[in-house]
Structure formats: structure tokens, C-alpha cells
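Secondary and tertiary structure notes
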Amino acid sequence: MDDHELAADLATRAGALLLDVRAEYADADVAERKAAGDGRSHEFLLDALTSARPSDAVLSEEGADDPVRLSSERVWIIDPLDGTREFSELDRDDWAVHVALWQGGDLVAGAVALPAQNITLSTLGTPRRPAPPSKPRVVVSRTRPPAVALQVRDLLDGTLVAMGSAGAKVAAVVKGGADVYVHAGGQCEWGSAAPVAVARAAGLHCSRLDGSALRYNRPDPLLPDLVVCLPEYADAVLKATS
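Since the model is a prediction, treat every value here as computed from it, not as a measurement.

1. Details of the sheet that holds strand β10 (residues 226–229)
Pairing is mixed across the open sheet formed by five strands, whose spatial order is β7-β6-β8-β10-β9. Strand pairing shows two members of the sheet lacking a second neighbour, β7 (159–163) and β9 (205–207), which therefore form its edges. Averaged over all pairs of adjacent strands, the angle between strand axes in this sheet comes to 20 degrees, irrespective of strand direction. Summarising the sheet, strand β8 (residues 180–183) and β10 pair through four bridges and their orientation is antiparallel. Across the sheet, residue V182 finds its bridge partner in β10, namely V227.

2. A look at helix α4 (residues 147–156)
Taken as a whole, α4 has its buried residues at V148, A149, V152 and L156. Buried residues of α4, viewed axially, fall in a sector of 105 degrees; they line one side. Summarising the geometry of α4, the exposed residues directed more than 90 degrees from the buried face are A147 and D154. Buried residues in α4 make contact with β6 (137–141), β8 and α7 (234–241). Immediately beyond the C-terminal end of α4, within one or two residues, lies D157, with a positive phi of roughly 55 degrees.

3. Thoughts on the sheet that holds strand β1 (residues 57–60)
The five strands are arranged β1-β2-β3-β4-β5 in an open sheet whose pairing can be described as mixed. Two strands lie at the open edges of the sheet, namely β1 and β5 (119–122), each paired on one side alone. Taken pair by pair, the neighbouring strands of this sheet meet at an average axis angle of 15 degrees, ignoring direction. Both strand β3 (residues 96–103) and strand β4 (residues 106–114) contribute to a ladder of seven bridges, which runs antiparallel. When the sheet's bridge partners are listed, Q103 is paired in β4 with D106. Across the face of the sheet, helix α1 (residues 3–24) comes into contact with β2 (74–82), β3, β4 and β5 while running at roughly 30 degrees to β4. Running over the sheet, helix α6 (residues 189–201) touches β1, β2, β3, β4 and β5 and is turned about 95 degrees from β4.

4. A short note on the pattern of salt bridges
Across all of its chains, the model carries 14 salt bridges by this definition. Its salt-bridge partner being D56, residue R74 comes within 3.0 Å of it at the nearest N-O pair. Of this pair, R74 sits in strand β2 while D56 is found in the loop between α2 (30–52) and β1, placing the two residues 18 residues apart along the sequence. Residues R92 and D94 are paired through a salt bridge, measuring 2.8 Å at the closest nitrogen-oxygen approach. R92 gets classed as partly exposed once you look at its relative accessible area, which sits at 24%. D94 gets classed as buried once you look at its relative accessible area, which sits at 4%. The network of salt bridges with shared partners includes D3, R53, D56 and R74.

5. Structural notes on the nonpolar core
In this structure, V180, Y216, V228 and V237 are the most contacted members of the largest nonpolar core, which totals 53 residues. What V228 contacts, discounting residues up to four positions off in sequence, is V170, V173, D179, V180, Y181, A199, L204, H205 and C206. Among the nonpolar cores identified, the runner-up in size contains 26 residues, and A36, F44, W76 and W95 belong to it.

6. Some points on the environment of P136
By the secondary structure assignment, P136 is in the loop between β5 and β6. What makes P136 buried here is its relative accessible area of 3%. When the C-alpha positions of P136 and L124 are compared, they lie 27 Å apart, and in sequence the two are 12 residues distant. Setting aside chain neighbours within four positions, we find P136 in contact with L156, D157, G158, T159, D179 and Y233.

7. A few points about the side chain of S88
Structurally, the position occupied by S88 is in helix α3 (residues 84–88). Look at S88 and you get buried, because its relative accessible area is 6%. Not counting residues within four places of it along the chain, the set of residues in contact with S88 comprises V30, R33 and K34.

Procedures and definitions
- Residues numbered from 1 in each chain as written.
- Predicted model: local features only at pLDDT ≥ 70, side-chain atom pairs only at ≥ 80, totals over all residues.
- Heavy atoms only, no water.
- Pairing = 2+ DSSP bridges.
- Helix = DSSP H or I, 4+ residues; strand = E, 2+ residues; numbered from the N terminus.
- Axes fitted to C-alpha atoms, helices over the stretch in contact; angles between N-to-C directions.
- Buried < 20%, exposed > 50% of the residue type's maximum accessible area, 1.4 Å probe, protein only.
- Arc of directions from axis to C-beta.
- Contact = heavy atoms within 4.5 Å.
- Salt bridge = Lys/Arg side-chain N within 4 Å of Asp/Glu carboxyl O.
- Core = buried A, V, L, I, M, F, W, Y, C linked by side-chain atoms within 4.5 Å.

Rendered as C-alpha cells:
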């Protein structure tokens, strides 16, 4: 498999594993369910990447940060379970698995699996978006929407769509369920790498809130803000955020 196929395959397989974990721990304590999901998906992805690409480095939310990645030519940036809270709530489907590859200074491949929706989006190809509605939809956290997203909503005379994980939010923009995603207040590289790779492949605008480029495989993996939107909204969104 090439890197695009590998990212999609591993994200999909990790998602299937997580559905099994969810079923296995359906009657367990919520904290136990979360820990099992995070741990098992991380172990699966790490073992699979070690086998398939033994010379590549890995940066994972659930693993120790090995500084060898900073001198590596290729680094897989993974979030084994994005939206652990939503995963733990058995009726929710807005959680994801992120698998992305950084090479030569930028993201070159990636996949976002939405296991409970039976969907994997990847840089192999993205679905055709339906035409956007007259009022742009701004997707935000269901528990803590940032003030800047409300500013964007007001400037665009749009509406809010509440959703769980970052991967699910970006996937909504890719698929046509939303038009703008604005995040502020904290996030690390694994939270956006795969979604951004997929969004770029779909032709969407991706940047930081001030319009600057998103940089990955940095010494400090903190990457606290993000804009993903339809290109026609980019200027107006950045006017509100920068």
C-alpha cells in the first residue's frame, strides 16, 4: 500500500477495533471505557506502523514524545481516539481516528475515520460536497464553543452546528454538513493533522486564526487554533479571527 492507502486502512481498522471495545465495555465504568479505547487503539496503530513503516517516527497523543521525530524524514502523527468523551457516550457518533503522515516539512497523506458513521475520509479522495445553504453553518464544540466562533457566526450571519470531536467537525465541512470550523483555546498537532490533510485534499482553506500556515512536527506539539472552511468564506472568517 502507498501512504494514502495505509493511512486510510489503519484509521478504518482502528475504528473497527474501537467499535468492538465500545461494545465490550458497554456496561463498564465510563472512565474504564475511555481508557480501553485510547489504549487499545494506540497500541494497534503503533504496532501496525512499526510493521508497515519501520523506519518512520510516530507522534501519538497516547504515547511518549520521542525527540527522534525532530530529525526524522517521515513522521506519522496520530490521534488514536479523537473525541474520547463522545466515544464513551454510547449513542454518539461524532468521534474519530486520525492518521496523518508528515514528510519534508508538510503533511502529505492522511485519513479520518468516523467509525460509528461507517465512514473514512482520506487523501485518496473526498466526497462531492452538496451546494452550501444560503446561511453558512459554523461548526463548534457542543460543550465549549469559543467566542471567536460566535464572532464568525455573527459576521457571516450564519448558524451554529454543535458537534463533538475535531475530526468529526472537519469531516462535517468536507462532507457538506457544515461550512466553517473555527477552533481556539488549545489543541495539539494530533488533533488537526489528519483532518487538515483531508480538508486540503478536498480543496478547503486551512490555516491558523491569523491566516498563517499550519506547521507540524514542531518541538512543541501545541497547535492551539485552527480555521477550516470553504474557500469563499476564508477572507471573511480571517477578518473576524485575525
